[in-house]
Structures are given as C-alpha cells and as structure tokens.
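Descriptive structure summary
Spelled out, the chains give:
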Amino acid sequence: NCGILNLQIDGQQTSNQGGGTAPSNGLAGVHLMAASTRCLVANCYIRRWGASGDTSSRRNDGILLGENSQTADSGILLLNNLFDNCCRNGVAVINAKQVIVQGNRLVNTAVATLNAAIDIESDSTASTVLQDVTIVGNIVGQTGSSFRSLYGINFVTDKTIATNPSSDQSNVTI
C-alpha cells in the first residue's frame, strides 16, 4: 500500500535535459514496479521529464506502471494529477491490472516519435499483463510537434490476442 499525494516532481536535471548523460532507460517522475499494490497517486504535479525535442527511446515518462520482467502492479489509482512536458509519455502502463487513470491533465507530452499522453503498452514478454485498465475523464492538451504523428491515447500490444483469446490483456476501457 502506498500513497503519493500533493507532491510536485520536477525532472529538470542536467542529466535529464540533454546536457549530460541520462540513464539508457531514461527516468520517470514516479515508477511503480515490482508488484506494487493498492497505490494512489493524487493531486501531484509531474513535469519536465526529458529534454524538449528528445527523440530517443529513453523512457522519460511522468508515471511508469510495471516492468516487463516483474509481477504486474495492481490496484493503482492515478487521480487528478497534472503532467506537463514529459518527453515520452505522461502515463505509461506496461504491466498492470486494476488500474484507473481518472481526472488527470496531460499537456506538452509525447515529444518523441510514436508516444502519447497516455500509453497502454505491453510487449511480447510472457509475464506482462494489461487487465482491467480504465481511462476516464482525463484532459489531453497539446502533444508532440507538428512534425510527428503522435497520440493522445495509444494502445499497443506485441501479444497476439487474436490467436490467444485467453491472453492476459482484457477489459481495457477508454
């Protein structure tokens, strides 16, 4: 159980703005991992993760839920947060179940190619799940730049749901 409430998280650090060497996987304002359960992130201001115009594959997400090689996060509520200027995604859900993303405001996100204000994305790793994910009542402002095709909400999977209807991806509601 955890709660992150009424907190401002500013990622504007030299190593995260192109002036230094950022970790190869990038950074996140909040990274819930290793089977985090019953977590609330509410009324937070998460901003400036990654350099403006950074087109690298580094994460630089406002909030990152799950890891490919870990047990899924569960019982996560992201409520009434402001995400501003997150280089990759405002919210990235990789491996989680029972997630509600509600009443958030996401602006100036997704400056890197094919990213989104809210990204729901698992990969082909057998252990990843996306179950009971609900996205409701969020406001998505400007995303990306005029030079890229970017999305407010992105749903991507590398798993073959058509040939595996009992896969771990179910009940994603937008």
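What comes next concerns the included structure.

Conventions we followed
Residues numbered from 1 in each chain as written. Predicted model: local features only at pLDDT ≥ 70, side-chain atom pairs only at ≥ 80, totals over all residues. Heavy atoms only, no water. Helix = DSSP H or I, 4+ residues; strand = E, 2+ residues; numbered from the N terminus. Buried < 20%, exposed > 50% of the residue type's maximum accessible area, 1.4 Å probe, protein only. Contact = heavy atoms within 4.5 Å. Areas by Shrake-Rupley, 256 points an atom, 1.4 Å probe, with all protein chains shown as cover. Core = buried A, V, L, I, M, F, W, Y, C linked by side-chain atoms within 4.5 Å. Pairing = 2+ DSSP bridges. Polar contact = N/O pair within 3.5 Å; in protein donor to acceptor, adjacent residues only side chain to side chain. Salt bridge = Lys/Arg side-chain N within 4 Å of Asp/Glu carboxyl O.

A count of helices and strands for the chain gives zero helices and 16 strands. In the chain, which comprises 174 residues, the share counted as buried stands at 44%. Counting contacts in the chain only where the partners sit at least 6 residues apart, residues at least 24 apart contribute 77% of the total. For the chain, the accessible area works out to roughly 8000 Å², and carbon and sulfur atoms hold 47% of it.

Attention now moves to the nonpolar core. Counting 26 residues, the largest nonpolar core has Ile46, Ile63, Leu65, Leu78 and Val91 as its most contacted members. If near-sequence neighbours (up to four positions away) are discounted, Leu65 is found in contact with Leu32, Asp73, Ile76, Leu78, Ala92, Val93, Ile94, Asn95, Ala96 and Val99.

Here strand S1 (residues 2-5) pairs with strand S4 (residues 37-42) via four bridges, running parallel. By the bridge assignment for S4, Leu5 is matched with Ala42. The pairing of S4 with strand S7 (residues 73-79) spans five bridges and is classified as parallel. Each residue of the ladder has a partner; that of Ala42, found in S7, is Leu79.

Tracing the chain through its elements places Cys2 in strand S1. Taking C-alpha positions, Cys2 is 6.4 Å from Leu40, a pair spaced 38 residues apart along the chain. With residues near it in sequence (within four places) discarded, Cys2 still touches Thr37, Arg38, Cys39 and Leu40.

Turning to the sheet that holds strand S14 (residues 139-140), a few remarks are in order. Within the open sheet, the five strands sit side by side as S2-S5-S8-S11-S14. Their pairing is parallel. Two strands bound the open sheet, and with one partner strand each, they are strand S2 (8-10) and S14.

If a residue is not glycine, its phi is most likely negative; likewise, a peptide bond is most likely trans. Phi at Asn85 is positive, roughly 60°, even though this residue is not glycine. Considering the arrangement of structural elements, one finds Asn85 in strand S8 (residues 82-86). You will see that Asp132, though not glycine, has its phi angle at about 50°, which is positive. Topologically, Asp132 is positioned in strand S13 (residues 130-136).

This part is about the side chain of Asp61. When you line up the elements, Asp61 lands in strand S6 (residues 61-65). In terms of polar contacts, Asp61 uses its side chain to reach the backbone amide nitrogen of Asn89, at 3.1 Å. In this structure Asp61 touches Leu27, Ala28, Gly29, Trp49, Arg88, Asn89, Gly90 and Ala92, once residues within four positions along its chain are discounted.

Under the counting rule described, the total for this entry stands at two salt bridges. Its salt-bridge partner being Asp10, residue Arg47 comes within 3.0 Å of it at the nearest N-O pair. Highlighted residues: Arg47 in strand S5 (residues 45-49) and Asp10 in strand S2, separated in sequence by 37 residues. Arg48 is paired through a salt bridge with Asp10; the nearest N and O atoms lie 2.3 Å apart. In this pair, Arg48 is assigned in strand S5 and Asp10 in strand S2, connecting sequence segments 38 residues apart. Residue classification places Arg48 among the partly exposed positions, given a relative accessible area of 29%. A relative accessible area of 23% places Asp10 in the partly exposed class. Ionic contacts of the salt-bridge type, sharing partners, join the residues Asp10, Arg47 and Arg48 into one network.

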